[in-house]
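What the coordinates show
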Amino acid sequence: QVQLEESGGGLVQAGGSLRLSCAASGRTFSRYAMGWFRQAPGKEREFVAAISWSDGSTWYPDSVKGRFTISRDNAKNTVYLQMNSLKPEDAAVYYCTAGLTPGAVRRGNGDYWGQGTQVTVSS
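Let me begin by describing the structure that accompanies this report. (Residues numbered from 1 in each chain as written. Predicted model: local features only at pLDDT ≥ 70, side-chain atom pairs only at ≥ 80, totals over all residues. Heavy atoms only, no water.)

**Digging into the overall build of the chain**
Going by this rule: Secondary structure elements are defined from DSSP: runs of H or I of at least 4 residues count as helices, runs of E of at least 2 residues count as strands, and each element is numbered from the N terminus. Atoms considered for the radius of gyration are the C-alpha atoms alone. The globule rule reads 2.2 Å times the number of residues to the power 0.38. Classification of residues uses two cut-offs on accessible area relative to the type maximum, computed with a 1.4 Å probe and protein chains only: under 20% is buried, over 50% is exposed, and between them is partly exposed. Surface accessibility in these figures is a Shrake-Rupley result with a 1.4 Å probe; residues are shielded only by whichever protein chains are displayed. Neither His nor the chain termini are counted; the positive set is Lys and Arg, and the negative set is Asp and Glu. Note that the charge is assigned to NZ on lysines, CZ on arginines, CG on aspartates and CD on glutamates.
Scanning the chain from terminus to terminus reveals 1 helix and 11 strands. Relative to the globule expectation of 14 Å for 123 residues, the C-alpha radius of gyration of the chain, 13 Å, shows essentially globular dimensions. C-alpha extents for the chain along the principal axes are approximately 40 × 25 × 25 Å. For the chain, with 123 residues in total, the buried portion stands at 46%. Accessible surface, the chain as shown: approximately 6,400 Å² in total, 43% of it carbon and sulfur. Within the chain, the 10 negative side-chain charges are centred at a point lying 3 Å from the centre of the 13 positive side-chain charges.

Printed below as a string of structure tokens:
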């Protein structure tokens, strides 16, 4: 059993930065692939980033590539999402997810999900 809790969301102006954190509980946290999704009102949940448990490989969609960076600190049971050059279209609730493989996480089939943290970007 893994529990995830996101934090770090807030209000930022376009062009600004935020760092989201996802604190995980569980004995085998380091064995899970981790990822981030986001969902804006009236829109479908969208893949944002993923990171493997093995070699630290990362994945991003074109919409955030070059602006967002996912990382993890297994000693702290925490995964991060550094978001730079934020755009109004980045505004959404951001969810942390964990799964057995990066592919499952990227497809939205993670086994565990956090409650989400709100990111608001003003123009």
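**A closer look at the pairing of strand 9 (residues 92-99)**
Counted only if it meets this: Strands qualify as paired when DSSP identifies two bridges or more between them.
The buried count for strand 9 comes to 7 of 8 residues, which makes it a mostly enclosed element. Across 7 bridges, strand 4 (residues 33-39) lies against strand 9 in antiparallel orientation. Each bridged residue has a counterpart across the sheet, and for Gly35 the counterpart in strand 9 is Thr97. As paired strands, strand 9 and strand 11 (residues 117-122) are joined by 3 bridges and run antiparallel to one another. Bridge pairing links Tyr94 to Thr117 in strand 11. Where strand 9 meets strand 10 (residues 112-113), 2 bridges bridge the pair, whose relative direction is antiparallel. Bridging from a neighbouring strand, Thr97 pairs with Trp113 of strand 10.

**Quick notes on the side chain of Ser52**
The topology assignment puts Ser52 in the loop between strand 5 (46-51) and strand 6 (58-59). The buried category is assigned to Ser52, whose relative accessible area is 3%.

**Some details on the sheet that holds strand 1 (residues 3-7)**
Selection rule: Here an angle of 0 to 180 degrees is reported between the N-to-C directions of two axes, which are lines fitted to C-alpha atoms, with helices fitted over the stretch in contact.
Pairing is antiparallel across the open sheet formed by 4 strands, whose spatial order is 1-3-8-7. The open sheet terminates on both sides in strands that have one partner only, identified here as strand 1 and strand 7 (68-73). Across the sheet, the axes of successive neighbouring strands diverge by a mean angle of 15 degrees, strand direction being ignored. Where strand 7 lies against strand 8 (residues 78-83), 6 bridges are found, and the strand directions are antiparallel. Among the inter-strand pairings, Arg72 is bridged to a residue of strand 8, identified as Val79.

**Re the packing of aromatic side chains**
Worth spelling out the cut-off: Ring geometry is summarised as follows: Phe, Tyr and Trp rings, the Trp one being its six-membered ring, pair when their centres sit within 6.5 Å, and such pairs are stacked at plane angles under 30 degrees, edge-to-face over 60 and tilted between the two.
This model, assessed by the stated rule, comprises 3 aromatic pairs. Centre to centre, the rings of Tyr32 and Tyr112 are 5.8 Å apart; their planes meet at 75 degrees, and the pair counts as edge-to-face. Of this pair, Tyr32 sits in the loop between strand 3 (18-25) and strand 4 while Tyr112 sits in strand 10, and the two are 80 residues apart along the sequence. Taking relative accessible area as the criterion, Tyr112 reaches 16% and is therefore assigned buried. Consider the rings of Phe37 and Trp113, whose centres lie 5.4 Å apart with planes at 65 degrees: the pair is edge-to-face. With Phe37 in strand 4 and Trp113 in strand 10, this residue pair connects regions lying 76 residues apart in the sequence. You can call Phe37 buried: its relative accessible area is 4%. Classification of Trp113 as partly exposed rests on a relative accessible area of 27%.

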